[in-house]
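The primary structure of each chain is shown beneath.
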Amino acid sequence: MQLKCVCKSWKTLISNDSTLVKLHLKRSTAKRVALFSFRYKGSRKYKGSQIWLYLCNPATKTLSNKIVFISKPHTYDRSFGSRFRHGWKFPFGYDNSTDTYKIVAFCLWTKEVRVFNFGDNVWRNIQSFPIVPVDCGGFPSDEQGPHPGINNGGCFVIISLDLSTETYLQLLPPWDFDKLPCLQPTLVVLMDCLCLSFSHGFDGTDFIIWQMKEFGVQESWIQFLKISYQNLRSLMSYDYQSLLFPVCLSENGDNTLILVWGTSNEEAILCSLRDNSVKKSRKFTNEIRWYLAKDYVESLVSIDRK
């Protein structure tokens, strides 16, 4: 961004050259960071039947024009809490087959799904969500990836939407998942691998993370981590064992996993995978909205709809 100030030709090159943008993005993926948001008090961009969406590029400090989503009126289901009053969630992703960024809108109640191609400026209806989504106790799954739910047979499955073909893939959890009494399954992506975390035992004796080493291959599930709650309770302000979930895994060689509890908190738990030791993070001045954390790389990608 500083180099854009050198001269007009450099500014034009950095802002508009698609080859440079793609090369920069490719190299940036080798250095990922976690992007967090802080709790704030303000009005929501939701007015009646309209939901307003914006895309932001933190690296270039640019904001897209308003994207208007028209939601159909329906009965509010209180079981989802006030945060899902309109019933819609908006994952965002990239279709590498067409070099297109897309917003996917799906309704937690009606299973309706729409797709917005950045550039077409039109919301399209696609095949409905094939399962009944699971309420994750206030912690949504990674909105850029798969989502948990219950299929017609009453079994827990994981649904992935392929942004290229706009078709769904149903993935089964680890082979012994249905045999275990567990609470609040949560989906995250750690080190580019899909992970499923949950509390194990009737009284939540252990916190377990399963990792799918090869995406889509049922036999590739491995038990990635198992921590006794006896080691964790002393670090938690209150007993939120059913809401404990992993945020990110560091890639700088120390293999530190960030675990959090509660919807917003000023602290986290740092778990070292080397010796399975745990400790509290430093205290932050703001309450971080951990469940909105995203895997982030800096890019020069333009958010101009054109």
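Coordinates for the structure precede this section.
Everything quoted here is computed from the prediction, not taken from an experiment.

Novice: What is the right way to read unusual backbone geometry from this model?
Specialist: Where the residue is not glycine, phi is negative for most of them; where a peptide bond is considered, it is trans in most cases. With a phi angle near 60°, Asn 121 is a residue other than glycine that sits in the positive phi range. One can find Asn 121 in the loop between β10 (113-117) and β11 (123-126). Residue classification places Asn 121 among the partly exposed positions, given a relative accessible area of 39%. Even without a glycine there, the phi angle at Asp 192 is positive, about 65°. The topology assignment puts Asp 192 in the loop between β16 (182-190) and β17 (193-200). Since its relative accessible area comes to 56%, Asp 192 is described here as exposed.

Novice: What should I look at first to understand the environment of Asn 16 in this one?
Specialist: Mapped onto the secondary structure, Asn 16 falls in helix α1 (residues 8-16). Each C-alpha atom of the pair Asn 16 and Leu 300 lies 9.1 Å from the other, and the pair is 284 residues apart in sequence.

Novice: I would appreciate a short explanation of the pairing of strand β14 (residues 156-162) in the present structure.
Specialist: The two faces of the sheet receive side chains in turn, since in a regular strand these alternate between them. Of all seven residues that make up β14, five are buried, and the element is covered over most of its length. Across five bridges, the pairing between β14 and strand β15 (residues 167-171) is antiparallel. Its bridge partner being in β15, Ser 160 is matched across the sheet by Leu 169. Where β14 folds back on β15, the antiparallel hairpin that results is connected by four residues, among which Glu 166 adopts a positive phi of roughly 55°.

Definitions and limits used
- Residues numbered from 1 in each chain as written.
- Predicted model: local features only at pLDDT ≥ 70, side-chain atom pairs only at ≥ 80, totals over all residues.
- Heavy atoms only, no water.
- Helix = DSSP H or I, 4+ residues; strand = E, 2+ residues; numbered from the N terminus.
- Buried < 20%, exposed > 50% of the residue type's maximum accessible area, 1.4 Å probe, protein only.
- Pairing = 2+ DSSP bridges.

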